[in-house]
Each structure stands twice: as C-alpha cells, then as structure tokens.
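Architecture and fold: a report
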Amino acid sequence: MNILSLFEHIKVFVFDIDGVLTDGMLHVQEDGELLRRMNIKDGYALQLAVKKGYHVWVISGGLSTASMRRLNNLGIEEVHIGVKDKLALLKEKLAAVKIGPEQVLFMGDDMPDIAALEYCGLATCPNDAAVEVANIADYISPIKGGAGCVRDVIEKVLKINKHWE
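Each residue is numbered by its place in its chain's sequence as written, counting from 1. Whole-chain, interface and lining totals are the exception, using all residues; otherwise, since this is a predicted model, local features are given only for residues with pLDDT of at least 70 and side-chain atom pairs are given and counted only at 80 or more. Side-chain measures here rest on the full set of heavy atoms in the structure, leaving out hydrogens and waters.

1. Considerations on the nonpolar core
Residues belong to one nonpolar core when they are buried, are Ala, Val, Leu, Ile, Met, Phe, Trp, Tyr or Cys, and are joined through side-chain atoms within 4.5 Å. Only protein chains enter the accessibility calculation, which uses a 1.4 Å probe; a residue is then buried when its area is under 20% of its type maximum, exposed when over 50%, and partly exposed in between. Among the nonpolar cores identified, the biggest contains 28 residues, and F13, F15, L46, L71, L105, V150 and I154 are the most heavily contacted of them. Contributing elements (two or more residues each) for this core: β1 (12-15), α1 (17-21), α2 (40-51), β4 (55-59), β6 (104-107) and α7 (149-160). Looking at this core element by element, the count peaks at six residues for α7. In this structure F15 touches V20, L21, L46, V56, W57, V58, I59, L105, M107, V150, V153 and I154, once residues within four positions along its chain are discounted. Ranked by size, the runner-up nonpolar core spans 21 residues in total, among them I59, L94, F106 and A130. Secondary structure follows DSSP: runs of H or I at least 4 residues long count as helices, runs of E at least 2 residues long count as strands, and numbering of each begins at the N terminus. The contact criterion used is simple: two residues touch if any of their non-hydrogen atoms lie within 4.5 Å.

2. Overview of the pattern of salt bridges
Should the charged atoms of two oppositely charged side chains come close, the side chains can pair. When a carboxyl oxygen of Asp or Glu is within 4 Å of a side-chain nitrogen of Lys or Arg, the pair counts as a salt bridge. For the coordinates displayed, the defined rule picks out ten salt bridges. For K86, the salt bridge is made with D113, and the minimal N-O distance between the two is 2.5 Å. A residue pair is termed long-range when its members are at least 10 positions apart, and K86 in helix α4 (residues 86-97) and D113 in the loop between β6 and α5 (114-119) qualify at 27 residues. You can call K86 buried: its relative accessible area is 6%. With relative accessibility at 1%, the residue D113 sits in the buried group. With a closest N to O distance of 2.7 Å, K159 and E155 form a salt bridge. Of this pair, K159 and E155 both sit in helix α7, four residues apart, which is roughly one turn of that helix. Assessed through its relative accessible area of 46%, K159 is described here as partly exposed. Each of D16, K86 and D113 takes part in a single network of salt bridges with overlapping partners.

Next up, the structure:
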C-alpha cells in the first residue's frame, strides 16, 4: 500500500502540543513560568489548513496558556489544554461535527496519546516520539517534534487534495 493514500481522506487534524508542536523542552524561568518553542513553518501549515476548511484541533495534557494564545492567533479555535482523557474529548468533538475516526489524523509523541492514536484513521508521530508511540504509528515523520513535523503531515494532506499554496 502507498502510504500517501492514507493521507487522502483526512478532514480533521489533531495535534498534541509538547513534543509535537514544540520540541518538548521546557525553559524554566526564575518566576516558575515555563517557556516553549514553536516552529514558524508549522504555524504556516496550521493556518493554511484552517483557511482551506479542515478541522484543526489541539488536545494537550499540558497547561500552556501562551501556546493556546499562539494557536488561537493562527485561527485554531479548538485548543484544549489540561486534558486528562484525550480520547474521550476527541470522540465528543467528532460526534459534534459528524465525522468518523477514519478521517482523522492524530499526531502524538508519548504515552498519554496512545489511546487517541489507536482510535484515529491515521496515527502519526514525530521521529523522536516515545518508542511505544512509534510502534503503533502508521506514519513516522522524518522530522522531530517542534522542528516541522506538523507541517510535514499537513502538507501531505493539502498537496494530495490540491489545497497547498
């Protein structure tokens, strides 16, 4: 099977933040504030996917309000932080838009993502994901978390569907 055929019918993108949209490193400031780093190329792809009518959701166990603001500024309205059960929230969101899991690309990098990855039609991860995640992924991006792996998968879907510009 051609791996790119898995990307053709995607209507919903779901991403974790730490380790996917960021490199997973936290810079701890003196006041205890945690700083994360995001890739501008991922940002371009995210806003283009929204503009082209794809659902783009972020579901994270972390509590980064700064990341939430950045993603909201890219046009992503569905940014959920502090989520304890990612699969339950994902099922709820899919029921609301009447889309089946087979049309969902989920990108995660660590143990809390496994249930949601197994549920979705296209399980993806960055190339530095935990081994347990890589073992169940349909596609492992050649790019690390926070370094453009999000753009990698969005670009594939948009190019196959002639929505890339």
